[in-house]
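A closer look at the structure
Listed here are the chains, written in short residue letters.
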Amino acid sequence: MTYCPSFGAIPTTMHDFDELAAFDAVMTSGSLTRSAREMGLAKSTLSRRITQLESRLGQTLLRRQANRLIPTEAGLVFHDYCREMLSLASRSREALADLSGVIRGRLTLGVHCSLARSWAARVVEAFLERHPEVELTLQALEHPECSPESQCVQVWLGELPSAISLKAEPLGWLTQRLYASPDYLARHQAPTHPQALADHSWVDLLGTTHDGLALQHAERGAFCFHPPRSRFRVNLPVLHVDAIARGQGIGVLSEWLVAAHEERHPGELVPCLPEWRPAPLAATLLYPYGQRPRRLDALLEALRQAVPAAWCAPS
């Protein structure tokens, strides 16, 4: 028998982990339909598992309010125990998998949206080919996950939030330049000094230059350029590259991403003010502190090995 303060003595046969996982999923989403979709189950199957769990406990755990399922008092109390049991089961499976020496299980890799397609997708494909018993979810991120409870491996590009509580490992630097299309420069006089940029159309990415752009010259020092209000703003790096390549204006791009674009579309982008450089972008690997399952360490090593030589240290 197992004793729970709010439920009294409960038979140990209650620990059906499919039922526990169903309850935890609905507690997280508040929706039977959404949870069933995320778990790949029929809605009736998920509902039946929760009903069976409530029957074993002799308590109602969820009740419907409007279009959501909300926990009863018993549901709130039991959810803590439910998560502990699911966590313990997961850790035990990971420990046994590590003993076997086989890399298996589920992983989540979150990558800055500008690197997800151009770099990470190929890394993931190679990793899955080497480890056929791994399931991996690749997510394109617009913001890094900062929580220390996150089990997601991340590759972030640019400045990190000050509140991040994950281990941050430098991977390299992506150098940047100002770029425009040859067509745009043919229609507008090419700038010869950063001051002249104020007379040009500016293509902004996610407001990254809203507070100004510092440009560095090897001999003339620094110049802080405040771009004019951008009439064309985009929120994805691929849209940023495309807009500049189509002659919408001048913008900041990483040399590595431009090189990848030029392989497919040669001649669409040319540097502007090549002797004036924006600061490079740091590429950083983020992962939880402490002991990690073997599959996570294998993914970290695969990412380290796949860093392009062009992500060099800034000069």
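The rules we used
Residues numbered from 1 in each chain as written. Predicted model: local features only at pLDDT ≥ 70, side-chain atom pairs only at ≥ 80, totals over all residues. Heavy atoms only, no water. 1 Å grid on protein atoms, 1.4 Å probe; cavity = no way out; pocket = protein on both sides within 12 Å on 5 of 7 lines; lining within 4 Å. Points joined across faces, edges and corners; volume = space filled by probe spheres on them. Helix = DSSP H or I, 4+ residues; strand = E, 2+ residues; numbered from the N terminus. Nonpolar A, V, L, I, M, F, W, Y, C, P; charged D, E, K, R; others polar. Axes fitted to C-alpha atoms, helices over the stretch in contact; angles between N-to-C directions. Parallel < 35°, antiparallel > 145°, perpendicular 65-115°, else oblique. Contact = heavy atoms within 4.5 Å. Disulfide = S-S within 2.5 Å. Buried < 20%, exposed > 50% of the residue type's maximum accessible area, 1.4 Å probe, protein only. Pairing = 2+ DSSP bridges. Left-handed = near helix turned anticlockwise from the far one by under 90°. Phe/Tyr/Trp six-rings, centres within 6.5 Å; stacked < 30°, edge-to-face > 60°. Salt bridge = Lys/Arg side-chain N within 4 Å of Asp/Glu carboxyl O.

Overview of the layout of surface pockets
Approximately 2000 Å³ is the volume attributed to the largest pocket. Along its surface, the largest pocket is lined by 38 residues, and S90, R93, E94, R106 and R295 are the ones closest to its centre. Only α1 (17–29), α2 (32–39), α4 (73–100), β5 (104–112), β6 (133–141) and α9 (294–305) provide two or more residues apiece to the lining of the largest pocket. Looking at the lining of the largest pocket, the element that brings in the most residues is α4, giving 11 residues. Split by residue class, the lining of the largest pocket holds 15 nonpolar, nine polar and 14 charged. Its boundaries defined by the atoms lining it, the second largest pocket holds a volume of some 950 Å³. If you trace the second largest pocket, you find 34 residues lining it, with L157, G158, E159, T208 and L281 closest to the centre. Of all elements in the fold, only α5 (113–130), β7 (153–157), β10 (203–205), β11 (213–217), α7 (237–245) and β14 (251–254) reach the threshold of two or more residues within the lining of the second largest pocket.

Points about the packing of α1 against helix α3 (residues 43–57)
Close contact between α1 and α3 brings their axes to 8 Å; oriented N to C, the two are set at 110°. In terms of orientation, α1 lies roughly perpendicular with respect to α3. Each of D18, E19, L20, A22, F23 and V26 in α1 lies in contact with α3, whose residues at this interface are L46, R49, I50, Q52, L53 and R56. In terms of residue class, the contact of α1 with α3 is made up of seven nonpolar, one polar and four charged.

A word on the state of the cysteines
Under the definition given, this model contains zero disulfides. Of the cysteine sulfurs around C113, a residue in no disulfide, the closest is that of C152, at 14 Å. With a relative accessible area of 16%, C113 lands in the buried category. On the accessibility criterion, C152 (12% relative accessible area) is buried.

Here's the deal with the environment of L300
Of note, L300 is situated in helix α9. For the pair formed by L300 and S55, sequence separation is 245 residues and the distance between their alpha carbons is 44 Å.

Overview of the pairing of β14
Regular strands show a simple pattern: their side chains alternate between the two faces of the sheet. Burial along β14 is two-sided: the residues G251 and L253 and V252 and S254 are all buried. One ladder, built from four bridges, connects strand β9 (residues 176–180) with β14; its direction is antiparallel. Opposite Q176, over in β14, you have S254 as the bridge partner.

Let's talk about the packing of α5 against α9
Taken N-terminus to C-terminus, the directions of α5 and α9 make an angle of 130°; their axes are 10 Å apart at the nearest point. Classified by the angle their axes make, α5 and α9 are oblique. As for the relative orientation of α5 and α9, their crossing is right-handed in sense. Residues W119, V123, F127 and R130 of α5 touch α9, and the partners they reach there are R295, A298, L299, A302 and L303. Residues that form the contact of α5 with α9 fall into these classes: seven nonpolar, no polar and two charged.

A short note on the packing of aromatic side chains
The full count for this structure, using the stated rule, is five aromatic pairs. Judged by centre distance (5.9 Å) and plane angle (40°), the rings of F23 and F78 are tilted. Of this pair, F23 sits in helix α1 while F78 is found in helix α4, placing the two residues 55 residues apart along the sequence. Each member of the pair F23 and F78 is classed as buried. On the basis of an interplanar angle of 50° and a centroid distance of 5.0 Å, the ring pair of W119 and W311 is categorised as tilted. Taken together, the residues span a long stretch of sequence, with W119 in helix α5 and W311 in the segment after α9 at a distance of 192 residues.

Thoughts on unusual backbone geometry
Unusually for a residue other than glycine, L273 sits at a positive phi of about 45°. The topology assignment puts L273 in the loop between β15 (270–272) and β16 (276–278). Take L273: its relative accessible area is 7%, and that puts it in the buried class.

Quick look at the sheet that holds strand β17 (residues 281–287)
Read from one edge of the open sheet, five strands run β6-β5-β7-β17-β8, paired in mixed fashion. Across the chains shown, the open sheet's two edge strands, defined by having one partner strand only, are β6 and β8 (167–174). This sheet shows a mean twist of 20° between the axes of neighbouring strands, independent of strand direction. Pairing of β8 with β17 involves seven bridges; the strand directions are antiparallel. Within β17, the position partnered with A168 by the bridge is L286. Against the sheet, α9 touches β5, β6, β7, β8 and β17, its axis set at about 40° to β5.

As for the pattern of salt bridges
Here the structure, examined in full by the defined rule, presents nine salt bridges. For the salt bridge of R292 with D297, the shortest nitrogen-to-oxygen distance reads 2.8 Å. Look at R292 and you get partly exposed, because its relative accessible area is 24%.

Bear in mind that shape data such as this cannot, by itself, settle questions of function.
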